[in-house]
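So you can see what is in the structure, the chains are spelled out below.
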Amino acid sequence: MEDSKITCGGDVITCETPEYRKLAATMQNTVRITDKLMKKVHPSLLNEQYFTTEQVMEHFHISRRALQNYRDKGLIPYTSIGGNILYPEAKINQVMEKNYYKPTVQKT
């Protein structure tokens, strides 16, 4: 590529020009927003929403090791795809409802 200059309206744009700096700042902001959205979005397969390991750990305030123990003991449903472990949201909710403890208040 012989002519590697970028031009805009006859002007040469370099990394020192205001246009370039504005574009770079916009791109950095877009990456930040995308990263935030990716953390919030649940993967979806066959109309089922799935949690990632990090999402389950954050949601239940448990460690990676505790989550591994729950998987090993068969307490929490999961699927493994290409080395990625995903937890089906509906089944996690079923486990939560099944194990829900509602204390009874004794009247005196």
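Residues numbered from 1 in each chain as written. Predicted model: local features only at pLDDT ≥ 70, side-chain atom pairs only at ≥ 80, totals over all residues. Heavy atoms only, no water.

**Observations regarding the overall build of the protein chain**
Right, on to step 1. Counting secondary structure elements, the protein chain contains 4 helices and 6 strands.
Right, on to step 2. Taken from the N to the C terminus, the helices and strands of the protein chain come in the order β-β-α-β-β-α-α-β-β-α.
Right, on to step 3. The burial tally for the protein chain puts 14% of its 108 residues in the buried class.
Right, on to step 4. Summarising the internal contacts of the protein chain: among those between residues at least 6 apart in sequence, 36% fall at separations of at least 24.
Right, on to step 5. Accessible surface, the protein chain: about 9,600 Å² in total, of which carbon and sulfur atoms supply 55%. (Helix = DSSP H or I, 4+ residues; strand = E, 2+ residues; numbered from the N terminus. Buried < 20%, exposed > 50% of the residue type's maximum accessible area, 1.4 Å probe, protein only. Contact = heavy atoms within 4.5 Å. Areas by Shrake-Rupley, 256 points an atom, 1.4 Å probe, with all protein chains shown as cover.)

**Focus: the environment of Tyr20**
Right, on to step 1. Assignment of secondary structure puts Tyr20 in helix H1 (residues 18-40).
Right, on to step 2. On the accessibility criterion, Tyr20 (39% relative accessible area) is partly exposed.
Right, on to step 3. With sequence-adjacent residues up to four places away left out, Tyr20 is seen in contact with Ile13, Thr14 and Cys15.

**A closer look at the packing of aromatic side chains**
Right, on to step 1. One pass over the full model with this rule turns up 1 aromatic pair.
Right, on to step 2. Between Tyr78 and Tyr87 the ring centres are 6.4 Å apart and the planes differ by 50°, which places this aromatic pair in the tilted class. (Phe/Tyr/Trp six-rings, centres within 6.5 Å; stacked < 30°, edge-to-face > 60°.)

**Observations concerning the side chain of Thr53**
Right, on to step 1. Within the fold, Thr53 resides in helix H2 (residues 53-60).
Right, on to step 2. Once you skip the residues sitting within four places of it in the chain, Thr53 turns out to touch Arg64, Leu67, Ile85 and Tyr87.

**Observations concerning the confidence of the model for the protein chain**
Low pLDDT marks regions whose predicted coordinates should not be analysed in detail.
Right, on to step 1. Taken over all residues, the pLDDT of the protein chain has a mean of 83, while the share at 70 or more is 89%.
Right, on to step 2. The weakest mean pLDDT in the protein chain belongs to strand E3 (residues 44-45) at 64; the strongest belongs to helix H3 (residues 64-72) at 95. (pLDDT = per-residue confidence, 0-100.)

**Considering the environment of Glu54**
Right, on to step 1. When you line up the elements, Glu54 lands in helix H2.
Right, on to step 2. Under the relative-accessibility criterion, Glu54 is labelled partly exposed at 45%.
Right, on to step 3. A C-alpha to C-alpha distance of 10.0 Å links Glu54 and Leu67, two positions 13 residues apart in sequence.
Right, on to step 4. Polar contacts involving the side chain of Glu54 include one to the side chain of Arg64, which spans 3.1 Å. (Polar contact = N/O pair within 3.5 Å; in protein donor to acceptor, adjacent residues only side chain to side chain.)

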